[in-house]
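# Chain and residue survey
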Amino acid sequence: MQEKVIRIEQRLQEQGRILLFPIDEGLALLAPAGVGLAMQAAVPGIILGLVSYVLWKRIKGDGGLERILALTYWYLPAELSPMKSWPDSAVTMWRG
């Protein structure tokens, strides 16, 4: 009796892409370039797109977007944090 083998593709966990870049990096590169092209300033738009891409890659680092979300949770005040429904990170001890 043969067992049915179900193979799960490795690409299921891969994030979406814009051209060859992950979505966040593609937006950092293509958004300023697109705005530059729309405003008839292609060269400054492309240069700004490249600069924003390099800066985003440096800020994002190896941790990816999860690292940036963790940094915003731990270092931004609760009023400015995009995660308002989460408990305040300034509270060090919870009493029940």
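Our subject is the structure listed above.
Next up on the list: the packing of helix α2 (residues 42-60) against helix α3 (residues 64-75). When two helices pack together, you describe them by how their axes are tilted relative to each other and by the distance separating the axes. Two elements in contact, α2 and α3, have axes whose closest approach is 9 Å; the angle formed by their N-to-C orientations is 70 degrees. The orientation of α2 relative to α3 falls into the category roughly perpendicular. Within the contact between the two elements, α2 uses Trp-56, Ile-59 and Lys-60 and α3 uses Gly-64, Leu-65, Arg-67 and Ile-68. Residue composition of the contact of α2 with α3, by class: four nonpolar, one polar and two charged.

What follows is about the pattern of salt bridges. Scanning all chains against the criterion turns up three salt bridges. Its salt-bridge partner being Lys-60, residue Asp-24 comes within 3.1 Å of it at the nearest N-O pair. On the criterion of sequence distance, the pair formed by Asp-24 in helix α1 (residues 23-38) and Lys-60 in helix α2 is long-range, its members being 36 residues apart. One exposure class covers both Asp-24 and Lys-60, and it is buried. Between Lys-57 and Glu-25 there is a salt bridge whose closest N-O contact spans 3.4 Å. A residue pair is termed long-range when its members are at least 10 positions apart, and Lys-57 in helix α2 and Glu-25 in helix α1 qualify at 32 residues. The class of Glu-25 is buried, set by a relative accessible area of 6%. A cluster of three or more residues bridged by salt bridges with shared partners is formed by Asp-24, Glu-25, Lys-57 and Lys-60.

We now examine the packing of aromatic side chains. One pair of aromatic rings is described through two measures. These are the centre distance and the angle between the planes. This model, assessed by the stated rule, comprises one aromatic pair. Between Phe-21 and Tyr-53, the ring centres sit 5.5 Å apart and the planes meet at 65 degrees, which makes this aromatic pair edge-to-face. Taken as a pair, Phe-21 in strand β2 (residues 21-22) and Tyr-53 in helix α2 lie far apart in primary sequence, 32 residues in all. Among the residues examined, Phe-21 registers a relative accessible area of 23% and is labelled partly exposed. Owing to a relative accessible area of 18%, Tyr-53 belongs among the buried residues under this scheme.

Rules and cut-offs
- Residues numbered from 1 in each chain as written.
- Predicted model: local features only at pLDDT ≥ 70, side-chain atom pairs only at ≥ 80, totals over all residues.
- Heavy atoms only, no water.
- Axes fitted to C-alpha atoms, helices over the stretch in contact; angles between N-to-C directions.
- Helix = DSSP H or I, 4+ residues; strand = E, 2+ residues; numbered from the N terminus.
- Parallel < 35°, antiparallel > 145°, perpendicular 65-115°, else oblique.
- Contact = heavy atoms within 4.5 Å.
- Nonpolar A, V, L, I, M, F, W, Y, C, P; charged D, E, K, R; others polar.
- Salt bridge = Lys/Arg side-chain N within 4 Å of Asp/Glu carboxyl O.
- Buried < 20%, exposed > 50% of the residue type's maximum accessible area, 1.4 Å probe, protein only.
- Phe/Tyr/Trp six-rings, centres within 6.5 Å; stacked < 30°, edge-to-face > 60°.

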